Structure formats: structure tokens, C-alpha cells
Amino acid sequence: MGIKYWEYEDAPLKDKLKNVSVREVAKIFFDNETEAYRFAALLLEVKTKKQMKLKDVPQHIPIATAKRYLDYAVELGLLKHEDSTYMLTDRFSKPLRNIATYIKEWMQAEKQEDLSVEFANARVEKQQKRGGKLPSVKEEAKKDQGQQGIA
């Protein structure tokens, strides 16, 4: 997600609200221009028709791609999907305020946290190298010397 927080602070937001655009909505979620365009086209289509089924997707967007983007919009809370129909909804603003409240409360809390308990199943050791550039002869020699000095 490309959320640039300074664009949504009070002063910049007031300027943005004067000229709202689906482009800005799509650019929040996608940095890639093509992905943002497809997402915006589908959101705009749902907005203009009030509801949309997959068979009504614009011809220039493949149905499988449209389904993926529309389901993502449902997951985000921008759309709802009932009876194989996509419609605009507002499940987005209240949870986002709650996330901001939760984060602010966490920042102000003085409690000590143990990440090894919080993330008990996380892998914390360094991963072994999987492919990539093979070490040169000089690097191997340095590695061997370092191990001999330790032993």
C-alpha cells in the first residue's frame, strides 16, 4: 500500500477534498500504474451503476483479473459482495480510525513486551543462502582463516 501519511494530514487533506478522484483512491492501494488503473476502473464502474456483476465487467479488463481486484476491494472494506453483486459500502473509515487509536494507545503504553512470547512460532535465525552468486576463492580463504582463528 502506498499510503503517504502527510497527504492525509489536515492541511493537505483539505486541498485534496476540493477535487476528489478515484485515481487518488487507487494510488493508495497500488503503486503500479496499470494495477491502479484497473482497480480505479472497476470502482468507478461499481459507483456509476450502483452495483455490478462479473458479467458486466468492462471489456478491456479480463474477468479473472476483475474478480481478483473486486475481491480485494471487498477485503479492504470498499465494496460488499452479496448475491454475486458488488456494491459500494463504508466498512473502511471506522476500522481505520480504530487502528489509529490502537496504535496511538500502544505508543503511549509503558508496558514491557517479550517478542519471543508474542511471536512464538516465528523463525528468528538467519536463513541459509538459497542459490545466488557462488563465493569466490578469496572469500572461501577468508572464511576458512576466520574459522581457524576461532577454533
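Up top is the structure these notes are about.
This structure is a prediction, so every number in the text was calculated from the model and none was measured.

**Re the pairing of strand E2 (residues 85–88)**
When strand E1 (residues 79–82) meets E2, the two strands line up antiparallel, connected through four bridges. In the sheet register, glutamate 82 faces E2, and the bridge partner there is threonine 85. Counted between consecutive antiparallel strands, the loop separating E1 from E2 contains two residues, among which aspartate 83 sits at a positive phi close to 55 degrees.

**A closer look at the environment of leucine 54**
Within the secondary structure layout, leucine 54 lies in the loop between helix H3 (33–49) and helix H4 (63–76). Judged by its relative accessible area of 23%, leucine 54 falls in the partly exposed class. Spatially, the C-alpha atoms of leucine 54 and leucine 70 are 9.2 Å apart, while their sequence positions differ by 16 residues. In this structure leucine 54 touches Ile63, Ala66, Lys67, Leu70 and Tyr86, once residues within four positions along its chain are discounted.

**Digging into the pattern of salt bridges**
Applying the stated criterion to the full structure yields four salt bridges. With a closest N to O distance of 3.0 Å, lysine 49 and glutamate 45 form a salt bridge. Of this pair, lysine 49 and glutamate 45 both sit in helix H3, separated by four residues, roughly a single helical turn. Given a relative accessible area of 40%, lysine 49 falls into the partly exposed group. A salt bridge links aspartate 71 to lysine 67; the shortest N-O distance between them is 2.9 Å. Of this pair, aspartate 71 and lysine 67 both sit in helix H4, separated by four residues, roughly a single helical turn. Using a relative accessible area of 28% as the deciding quantity, one classes aspartate 71 as partly exposed.

**What about unusual backbone geometry?**
With the exception of glycine, the majority of residues adopt a negative phi angle, and the majority of peptide bonds are in the trans configuration. Not every positive phi belongs to a glycine, and aspartate 83 is a case in point at roughly 55 degrees. Not every positive phi belongs to a glycine, and serine 84 is a case in point at roughly 55 degrees. Its location among the elements puts serine 84 in the loop between E1 and E2.

**Observations regarding the packing of aromatic side chains**
For the coordinates displayed, the defined rule picks out seven aromatic pairs. Summarising the aromatic geometry, the rings of phenylalanine 29 and phenylalanine 39 are spaced 6.0 Å apart at their centres and angled 70 degrees between planes, so their arrangement reads as edge-to-face. Taken together, the residues phenylalanine 29 in helix H2 (residues 22–29) and phenylalanine 39 in helix H3 connect sequence positions 10 residues apart. Phenylalanine 39 matches phenylalanine 29 in its accessibility class, with the two residues each being buried. Members of the aromatic cluster, joined through ring pairs, are Phe29, Phe30, Phe39, Tyr69 and Tyr72.

**Remarks on the environment of tyrosine 72**
Note that tyrosine 72 resides in helix H4. When the C-alpha positions of tyrosine 72 and phenylalanine 39 are compared, they lie 9.2 Å apart, and in sequence the two are 33 residues distant.

Conventions and cut-offs
- Residues numbered from 1 in each chain as written.
- Predicted model: local features only at pLDDT ≥ 70, side-chain atom pairs only at ≥ 80, totals over all residues.
- Heavy atoms only, no water.
- Pairing = 2+ DSSP bridges.
- Helix = DSSP H or I, 4+ residues; strand = E, 2+ residues; numbered from the N terminus.
- Buried < 20%, exposed > 50% of the residue type's maximum accessible area, 1.4 Å probe, protein only.
- Contact = heavy atoms within 4.5 Å.
- Salt bridge = Lys/Arg side-chain N within 4 Å of Asp/Glu carboxyl O.
- Phe/Tyr/Trp six-rings, centres within 6.5 Å; stacked < 30°, edge-to-face > 60°.

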